[in-house]
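# Structural characterization, general
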Amino acid sequence: MSKQPRPSTNRSVLTRRLIGDKVPRRGGIVAPPIADQILKVLGWKVVGEIPNVPQAVFLALPHTSNFDGLYAIPTLLSLDLDIKIMGKESLFKVPGLATFFRWAGIIPINRDKKGSVLQNSIERFTSGKPLFLGLSPEGTRSYTDKWKTGFYYIAHGAGVPIVPVAMDYQTKEVRFMAPVMPTGDIEADLPKIIEQYKGVVPKYPKRLSKPLQDVNK
């Protein structure tokens with residue numbers, strides 16, 4: 001069994017210059033410095049570290065408000081990170097918007113076919129091309145009893161690490177935490193992910209999902 005990393009205590013400021021050469025990049029020139037200034041004006045900073053690997057699944061947690069995007073998007077642009085997120089295939093049929101969605105990092109998926117999202121996601125990784133895939137296990141901005149576990153089976157099926165990312169409104173930090181390599185034993189691996197969110201304060205604490213509420217008791 002591979003050795004799992006302990007919850008990350010790295011609170012060092014993270015900039016695009018500290019990111020390794022294997023990490024998928026957007027190749028932006030104008031957007032990153034503008035995003036730096038936006039984060040500075042908002043009073044937020046990015047901390048932690050990103051593993052120097054070409055493929056990984058990133059978790060966006062906790063997600064309790066539309067305000068989360070206000071800090072998440074400048075973060076990605078500031079770091080020049082190319083993280084893909086999933087969007088309905090039908091969105092790409094809207095005239096003139098397909099190009100924008102692709103620029104924004106949205107990849108089309110067909111939700112109608114059972115199992116297609118999981119299999120298609122794994123296939124995207126097994127193609128060998130660089131891919132950072134961002135997912136939100138809570139699946140809603142409201143309270144939920146449990147997480148959607150598709151992220152775990154995608155990462156395990158593709159053989160890639162899971163990188164927890166926290167948005168902490170108390171410290172005003174977007175925090176990249178220690179990666180967890182899925183072993184296939186979700187009952188053993190999931191607590192190693194959840195534990196890293198201990199102490200993280202969302203925009204609306206009452207909407208925090210049960211797994212994160214439990215770890216903060």
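Here, every reference points to the structure presented above.
Residues numbered from 1 in each chain as written. Predicted model: local features only at pLDDT ≥ 70, side-chain atom pairs only at ≥ 80, totals over all residues. Heavy atoms only, no water.

## Re the layout of surface pockets
Threshold: Grid spacing is 1 Å over the protein atoms alone, the probe is 1.4 Å, and a cavity is where that probe fits but cannot get out, while a pocket is an open set with protein on both sides within 12 Å along at least five of seven lines and lining residues have an atom within 4 Å of a point. Grid points are joined across faces, edges and corners, and a volume is the space filled by probe spheres set on the points. Strands here are runs of E lasting at least two residues and helices are runs of H or I lasting at least four, both read from the DSSP assignment and numbered beginning at the N terminus. Charged means Asp, Glu, Lys or Arg here, nonpolar means Ala, Val, Leu, Ile, Met, Phe, Trp, Tyr, Cys or Pro, and polar covers whatever is left, Gly included.
Roughly 1400 Å³ of internal volume is contained in the largest pocket. Residue lining of the largest pocket: 41 residues in total, with A60, I85, G134, L135 and S136 positioned closest to the centre. Elements that contribute at least two residues to the lining of the largest pocket include exactly β2 (55–61), α2 (68–79), β3 (83–88), β4 (106–109), β5 (131–135), α5 (150–158), β6 (162–168) and β7 (173–176). In terms of residues, the lining of the largest pocket owes the most to one element, α2, which gives 7 residues. Classifying every residue of the lining of the largest pocket gives 26 nonpolar, 10 polar and 5 charged.

## Regarding unusual backbone geometry
Residue P62 follows L61 across a cis peptide bond; omega there is -20°. Position of P62 relative to the elements: it lies in the loop between β2 and α2. One non-glycine residue, D80, lies in positive phi territory at about 60°. With respect to the helices and strands, D80 occurs in the loop between α2 and β3.

## Considerations on helix α6 (residues 186–194)
Convention followed: Think of it in three bands: residues with accessible area under 20% of the maximum for their type are buried, residues over 50% are exposed, and the middle band is partly exposed, with areas taken using a 1.4 Å probe on protein chains only. Throughout, the arc means the angular range of directions from the helix axis out to the C-beta atoms. Throughout, a residue-residue contact means that at least one pair of heavy atoms, one from each residue, lies within 4.5 Å.
Residues I186, D189, L190, I193 and I194 constitute the buried set of α6. Looking straight down α6, one finds that the buried residues subtend no more than 135° of arc, so they occupy a single side. Against the buried residues of α6 lie β2, α5, β6 and α7 (210–215).

## Description of a nonpolar patch on the surface
To keep it simple, the criterion reads: Candidate patch residues must exceed 30% relative accessible area and have no salt bridge, after which like charges are joined if within 9 Å and Val, Leu, Ile, Met, Phe, Trp or Tyr side chains if within 5 Å. Under the convention used here, a 1.4 Å probe and the Shrake-Rupley method define accessible areas, while residue burial counts only the protein chains that appear. The term salt bridge refers to a side-chain nitrogen of Lys or Arg lying within 4 Å of a carboxyl oxygen of Asp or Glu.
Taken together, the side chains of I29, V30, I34 and I38 define a hydrophobic patch exposed on the protein surface, amounting to about 420 Å² of accessible area. Checked against the element boundaries, V30 lands in the segment before α1 (31–42).

## Some details on the pattern of salt bridges
When their charged atoms lie close together, side chains carrying opposite charge are able to pair. A complete count under the given rule lists 8 salt bridges for this structure. Here D189 and K192 are joined by a salt bridge, their closest N and O atoms 3.9 Å apart. One end of the pair, D189, and the other, K192, are both in helix α6, 3 residues apart, so they sit about a helical turn from each other. For the salt bridge of D214 with K210, the shortest nitrogen-to-oxygen distance reads 2.9 Å.

By themselves, these figures tell us nothing about what the structure is for.
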